[in-house]
Each structure stands twice: as C-alpha cells, then as structure tokens.
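Single-letter residue listing:
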Amino acid sequence: MNRPTRSVDRPVIEVEELRMRYGAVDVLKGVSFEVRRGEVVALLGPNGAGKSTTIEILEGLRARSAGRVEVLGVDPAHGGEDWRARSGIVLQSWRDHAKWRVRELLAYQGSLYARYTTERMPRPWDVDELLGAVGLSDHAGRRLSALSGGQRRRLDVAVGLVGRPELVYFDEPTAGLDPQARRDFHDLVRRVSRELDTTALITTHDLAEAEQLADRIIILTQGRIIADGTAEELARQIVGADEVRWVQGGDRRTRLVADSTAFARELLLEHGTAVSALEIRRASLEDTYLTLVREAETAAMVADEQELQGAAR
Amino acid sequence: MSNGIPGVRAGFARGMIELRLAFSGAELVGQLLWPVATLVAVFLLRDVPIGPDYTLDTFILPGALGMFVALGMLLVVQQLAADREDGSLLRAKVTPNGIRAYLIGKLVQISATILAYLAILLLPGLVFVDGLDTGRPGSWLTFAWVLGLGLVATQAIGVFVGSFVSTSRGAGYVSLPVLGLIAISGIFAPITALPEWLQWVAQAFPVYWLGLGMRSALLPDAPAAIELHGSWRPVETAVVLGAWSLVGLVLAPIVLRRMTRRESGSRVAARRERALQRLG
C-alpha cells in the first residue's frame, strides 16, 4: 500500500483542490500546490489562514474534507509507519520529554528509524554528529527542561532530522525566539537543508523569515492561495505596480503604474519642466503582505462579531 | 536491528529510561510516600486483634498489595494525560512505531514501579507481620499469577480509560471512583460487612479480586472462612481478572488509536493554552 515512489520527477508534495471544513466554517477553500524534491518552500500567511491545518493534513495528523493529497507518493490518510519514517516534523511548541537528557531522547528517537535504513539512506543519523551539527555537543547530558528556548528549538530540529527524512516540516519554527536565537535558527535550517539535501516545508506568518529561508513562497490567506513563487516573482505578481510621485504646478501627484520607466518618460516628454520632485518607489512585498494580513484580520474580526451577535441572539 | 516486532526493543529501552526518571531526584519522595505510609499503617495495626487467632495487619498487608497493583490503572491514566498535555504522545505518534514503543515503555515502567511498591511493603512486612503462611511453594505461585494478571488487567483498563481523558485535571477526577472502589473492596474492612448490592459492585471490578488473590497467596487456609462464600475462590479470581485483561487488551488499542488519531500540534497547543489559563 505504501510503496515508496522513487521517481525523481514526481513532486514530493502534491496538493489539489484541498478543502477543510470545521462545522460550518471553511478553513481551506480549494488549495492546490506542489513541492518538488530538494525545494525549501514557505507557506506564508497570517494567523488563522489555514497554514497549520494544511501542514497537519500533509503530516497525516488530520483528516481532510475533500481534495487530493499525496506526500512522498502516498495519501497521508493511509500512510503507514514506513511512510512516516521518511518525513520529520519540527513543531513550534514541542516541550515533551522535559525530564529526559538531550542525548537520550535523540538516541531513542533515532533507534526507531533503524529498521527503515536503506542502501541509499542509512538511518538514523549518528547522534553525536547530529548534536555537533545543531551545536548541542556541549549540552548532550543536560535535561531538556534546562535548555534555553533557542537550544530547545535546535534540539527539536535534531529530533526532526534524526531519521534522515526526505521531507521535513517546520511549523512556525521561530515563534517566541529572541532575534539572535532566530537568526541562529535560520542559519541552522539553511545549512542543514543544504547539507542534507532535504525537501522542507515551513509555515510562518513572518515574511522576512520566509524570504530568509525559502526558495519559494506560497501565500495563504483566508483558506486560499493568493500567490506562489520566488520573492521577486511575488513582488511582481501581487504588487504588479510601482508607485510614482511627482509635483506638477504646485500639486503633489501619485500614480500606481506597471511600467514606471515608460510612464516617467512620457510624463517628462509631455510636461517637461513643469514636473519636479519625481520619485519612483520600488514595489514592496512587505507593504503588500502587511496589507493582506490587515485585510484578513479585519475580515476575521467581522466574522467574530457576527458570531458574537449570533450567540447573543 | 531490523528483525522482531518494530518498536518493541525501543519500547523496553524507553521503559528503563522512564523508570530511572521516575525514581530519581524529587520524584523519589512522591514515589516512596504512599507505600511507606501504608507500611507504617500496617505496622501500627499489629496490636489490633481480629478474632482469637489473628491481628488486623495480617489481613491488611496482602490486601494493600492488591490495592497497589490496582493503582497501576491510575498511574497509566495520569501519565497518559500528562504525556498528551506536554506533547510526548504526539512525538510518539509522528515517529515510526512510536506509539507501540511508547505503550511498551509505559507498561514496563509502571509494572516495575508497582513491583517496587510491593517490595517496600512485602519485604519488611514478611518480617514483622505475624500469621502469614508463605512457606508453601503454592503461595508464591499464586502470588505470581495474581500479580501478572492484575498488572495486565489494570493497566489495560488504564489505557482504555486514559484514552477518554485528555487533561491532568480529568485524570484527577478518574481517581475518585477508583478510591471509592478500593473502599468497598474488602481491603481495609471485610466485604461481608457491606450491604449485598455493594458486594456485587465490588466483585465486578478487579480491585476486590486482587485483594482476595493476595490474601489467598499469603495467608493460611483457615481465614478463608471469613471471606464471601467461605473460600478464596481462586477459579473465580482467575476468571474475573482474566476477563478484564482480555477486554482491556482488545479495547485499549482500539480506543487508543482513536485518541492518537486526533492528536496534532494545534491540539497540544490548545490544551496547553487552556492549562495556562487555569494556572493564571
């Protein structure tokens, strides 16, 4: 049932028209995307956009309402233990096994992957090597509860990788980390995903993080994908316009245009010296993303109010 | 490494780690408190006569052994709830064969913990409690099968019940009816003194039979006269404990699968959120 699909052309993740409904609420309204082998993809969106639901369906932790999903060639709803052995999960909120020692947990988790070793993929990862890779060699004997937030997160990455997964999920990996720990974490993820040649799917609500880590960004809001591409592609795709400002006859004027260079040329040809203080602003992905988030939050607030009114009635 | 049932070896390794953690540092005090307190109570009852030939401690010691075996059920429920709250169970679920290894580890650790409780009670008890009859080989044979069936039955029920309890607070509520059952199960007072309907309730659950089985193992034949039906009823003991074991072993994996199917990161996060709200 869970024969591994080894074809190189086949995407690691295929999602088609994925829908999820809780009661009367549609959380995912027909989501489609693919992740190819070796890609690092960020699923970006505000809180409540449906990112966690999507990733939990892919991980096989949640049953979907409708749509087609294949992860490593298998429908996650029917993924067996051998399928599970091929992916790793790094959650934002792991705080399990607080009394265990770092090395102990890593060795235990690793031992469960040993039977899934193949010639191409010896499993698990050597514990000491992995501890070195995530910078925890000096803390191998410590209790998990004695680790700092950043150290704990690095251990979570190690546990997610110990089975040498072909695919790793990072669910909001830096939520609650201080800026330095965040930057260290980003370095770590970039390094291991390159070194291990692992496919990775990262959920985040932080655009800067998505730009830092991912080859490709998928923006999810209100249960729909509104953009999918590299950071530059997204800037063109969803912004599509530059902002041109100038002063003409004492008036400040602003215009959003697709081709700002051509616009400026025509403007100057037509009005010549009447135009001053010409200014062209590059389309900013961040501005657009923040606008999207604001829209989503407003919509959510409206929905909440309606719900409250409904409850009051 | 790749032979055998997947997860079994890791499960035993896990059980040993959990066992070490359960008996180290601050945990040790909590672990020793109840068996030691019970031992003191048994010691103090040495002077309370029951009939012309016996003192109360002779009856309470075996009954207390049965009670501590039955407490394995509560330990399973409490630990399952705690492991659901902190995400340990989710970690097991997203690891290949992790749930099997988790369960084996849990049963190994809790069985060993209970054996430690029994040793704390029994080793000093054998020295100062008069009237026990442990010279026969039959007494230790009976002790062994009652203990074995009891561990399986109570922990399987614990997994079953624990699957319906998602928080530590819920696990606390479960302990109330169990303590009630212990109260009516003839461990601290003869069951024959209870109204008949309560006797039937007690006999439906393993606690009573664990106490009875332990008394039949460690006491001479004569005191059986004051039990229900004037007998140790070994066949009935084996049937009831065996039936509970069977039911538990069949049902526990089914409900556990149902419960773990619903575990996910967001559920763990939501439960923690609620727990924090209660604290704050």
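So, how was this worked out
Going along each chain's sequence as written, the residues are numbered from 1 onward. Chains and ligands are labelled by the order in which they are written, letters from A for the one and numbers from 1 for the other. With the structure being a predicted model, the display of local features is reserved for residues of pLDDT at least 70 and the display and counting of side-chain atom pairs for 80 or more, all residues being used for whole-chain, interface and lining totals. Neither water nor hydrogens contribute to the side-chain values; these are computed over all heavy atoms in the structure. Only runs of H or I of at least four residues qualify as helices and only runs of E of at least two qualify as strands under DSSP, and these elements are numbered from the N terminus. Each residue is placed in one exposure class: buried if its accessible area under a 1.4 Å probe, protein chains only, is under 20% of its type's maximum, exposed if it is over 50%, and partly exposed if it falls in between. Any pair of residues with heavy atoms lying within 4.5 Å of one another is described as a contacting pair. Note on terms: buried area is the combined drop in 1.4 Å-probe accessible area of two parts once they are placed together, counting the loss on both. Just to be clear on terms, a salt bridge is a Lys or Arg side-chain nitrogen sitting within 4 Å of an Asp or Glu carboxyl oxygen. Pairs of N or O atoms within 3.5 Å make up the polar contacts considered here, provided that, within protein, one atom can donate a hydrogen while the other can accept it, and that residues adjacent in sequence are counted only when both atoms are side-chain atoms. In this scheme, a helix's expected span is set at 1.5 Å multiplied by one less than its residue total. Each direction from the helix axis to a C-beta atom contributes to the arc, which is the arc of those directions. Domain start and end points were adopted from an automatic or database domain assignment. Two strands pair if DSSP finds at least two bridges between them. To get an axis, a line is fitted to the C-alpha atoms, and for a helix only the part in contact is used. The angle between two axes follows their N-to-C directions and goes from 0 to 180 degrees. UniProt positions are given in the numbering used here, feature names are shortened, and annotations may be inferred rather than shown by experiment. The criterion is simple. A nonpolar core is a set of buried Ala, Val, Leu, Ile, Met, Phe, Trp, Tyr and Cys residues joined through side-chain atoms within 4.5 Å. Only protein atoms enter the 1 Å grid, on which a cavity is a set of points fitting a 1.4 Å probe that cannot get out and a pocket is an open set with protein on both sides within 12 Å along at least 5 of 7 lines, lining residues being those with an atom within 4 Å of a point. Grid points are joined across faces, edges and corners, and a volume is the space filled by probe spheres set on the points. Each Phe, Tyr or Trp ring, with Trp reduced to its six-membered ring, pairs with another whose centre is within 6.5 Å; inter-plane angles below 30 degrees give stacked pairs, above 60 give edge-to-face pairs, and intermediate values give tilted ones. Throughout this description, the term charge over a ring refers to an Arg CZ or Lys NZ atom that lies within 6 Å of the ring centre and within 35 degrees of the ring normal.

Observations concerning unusual backbone geometry
Backbone torsion omega between R123 of chain A and P124 of chain A reads -5°, so that peptide bond is classified as cis. Its place among the elements puts P124 of chain A in the loop between helix 3 (102-111) and helix 4 (127-133). Unlike most non-glycine residues, N97 of chain B shows phi in positive territory, near 60°. Tracing the sequence through the fold places N97 of chain B in the loop between helix 4 (88-93) and helix 5 (98-128). The exposure class of N97 of chain B is buried, given its relative accessible area of 6%.

Thoughts on the interface of chain A and chain B
Contacts between the two partners involve 29 residues from chain A, matched on the other side by 37 residues from chain B. Between chain A and chain B, a total of about 3,000 Å² is buried, with carbon and sulfur atoms accounting for 54% of that surface. On the chain A side of the contact with chain B, L61, R95 and R115 of chain A bury the most area, a combined 22% of that side's loss. The interface formed by chain A and chain B holds four salt bridges in total. E27 of chain B is the salt-bridge partner of K99 of chain A, the closest N and O atoms lying 3.5 Å from each other. Our count for the contact surface shared by chain A and chain B stands at 13 residue pairs in polar contact (both at pLDDT 80 or more). When residues of the side of chain A that touches chain B are traced back to their parent elements, those giving at least two are helix 2 (81-84), helix 3 and helix 5 (149-161) of chain A.

Quick word on the side chain of T58 of chain B
Residues and elements named next belong to chain B. With respect to the secondary-structure elements, T58 resides in helix 3 (residues 56-85). Engagement of the side chain of T58 in a polar contact is seen with the backbone oxygen of D130, the distance being 2.8 Å. Beyond its immediate sequence surroundings of up to four residues, T58 is in contact with V129, D130, G131, L132 and L219.

Let's talk about helix 7 (residues 168-183) of chain B
Residues and elements named next belong to chain B. The first and last C-alpha atoms of helix 7 sit 23 Å apart over 16 residues, in line with the 22 Å expected at 1.5 Å per residue. Buried within helix 7 we find G170, A171, V174, S175, V178, L181 and I182. Buried residues of helix 7 fall within an arc of 150° about the axis and therefore sit on the same side. Facing away from the buried surface of helix 7 by more than 90 degrees, the exposed residues are Y173, L176, P177 and A183. In this structure, the buried residues of helix 7 make contact with helix 3, helix 6 (137-162) and helix 9 (206-218).

Digging into the domain arrangement of chain A
The domain architecture assigned to chain A consists of domain 1 (13-234) and domain 2 (241-312). Of note, the centres of domain 1 of chain A and domain 2 of chain A, computed from C-alpha atoms alone, are 35 Å apart.

Section: the sheet that holds strand 6 (residues 167-171) of chain A
Residues and elements named next belong to chain A. Strand order in the open sheet formed by six strands is 5-6-7-3-8-9, with mixed pairing between adjacent strands. A single partner strand is all that each edge strand has here, and the edge strands are strand 5 (87-90) and strand 9 (224-229). When strand polarity is set aside, the average angle formed by the axes of neighbouring strands in this sheet is 15°.

Digging into the UniProt feature "domain: ABC transmembrane type-2" (unreviewed entry) in chain B
Mapped onto the present numbering, the UniProt feature "domain: ABC transmembrane type-2" (unreviewed entry) falls on residues 26-259 of chain B. Here residues 26-259 of chain B runs as 75% helix and 2% strand, with 31 Å between its end C-alpha atoms.

Considerations on the UniProt feature "transmembrane region" (unreviewed entry) in chain B
Residue and element names in this part refer to chain B. In the numbering adopted here, UniProt assigns the feature "transmembrane region" (unreviewed entry) to residues 21-44, 59-82, 103-123, 143-165, 172-191 and 238-256. For residues 143-165, helix accounts for 87% and strand for 0%, while the C-alpha atoms at its two ends are 32 Å apart. Note that residues 238-256 is 100% helix and 0% strand, and that its end C-alpha atoms are spaced 26 Å apart.

Some remarks on the nonpolar core
Taken as a class, soluble globular proteins show a tendency for nonpolar side chains to be buried jointly. If you look at the biggest cluster of nonpolar residues, it comprises 67 residues, and the most contacted ones within it are L65, V69, L118 and F143 of chain B. Looking at which element gives the most residues to this core, the answer is helix 3 of chain B, with 17 residues. Discounting chain neighbours no more than four positions away, the residues touching L118 of chain B are L65, F68, V69, L123, F143 and L147 of chain B. Core analysis: the second largest hydrophobic core is formed by 41 residues, L106, A140, V159 and V162 of chain A among them.

Comments concerning empty space enclosed by the protein
If you walk through the whole model with that rule in mind, you get four cavities of 30 Å³ or more. By volume, the largest cavity is sized at about 60 Å³. Lining of the largest cavity is provided by S87, G88, I89, Q109, Y113, V159 and G160 of chain A together with R91, V94 and T95 of chain B. A total of three residues in the lining of the largest cavity trace back to one element, the largest contributor, which is strand 5 of chain A.

Side note on the packing of aromatic side chains
Residues and elements named next belong to chain B. Following the criterion strictly, the structure yields ten aromatic pairs over all chains and no others. When the ring of Y208 is compared with that of W209, the centres are 5.0 Å apart and the planes differ by 75°; the resulting orientation is edge-to-face. We classify W209 as buried; its relative accessible area is 3%. The side chain of R46 reaches across the aromatic face of F43, ending 3.8 Å from its centre.

Notes on the pattern of salt bridges
Under the criterion given, the structure shown has 32 salt bridges over all chains. Across the pair D128 of chain A and R103 of chain A runs a salt bridge whose closest N-O atoms are separated by 3.0 Å. Here D128 of chain A is found in helix 4, whereas its partner R103 of chain A is found in helix 3, with 25 residues between them in sequence. A salt bridge links R136 of chain B to D133 of chain B; its shortest N-O distance comes to 2.9 Å. On the basis of relative accessibility, which here comes to 29%, the residue R136 of chain B falls in the partly exposed class. Judged by relative accessible area, which is 25%, D133 of chain B ranks as partly exposed.

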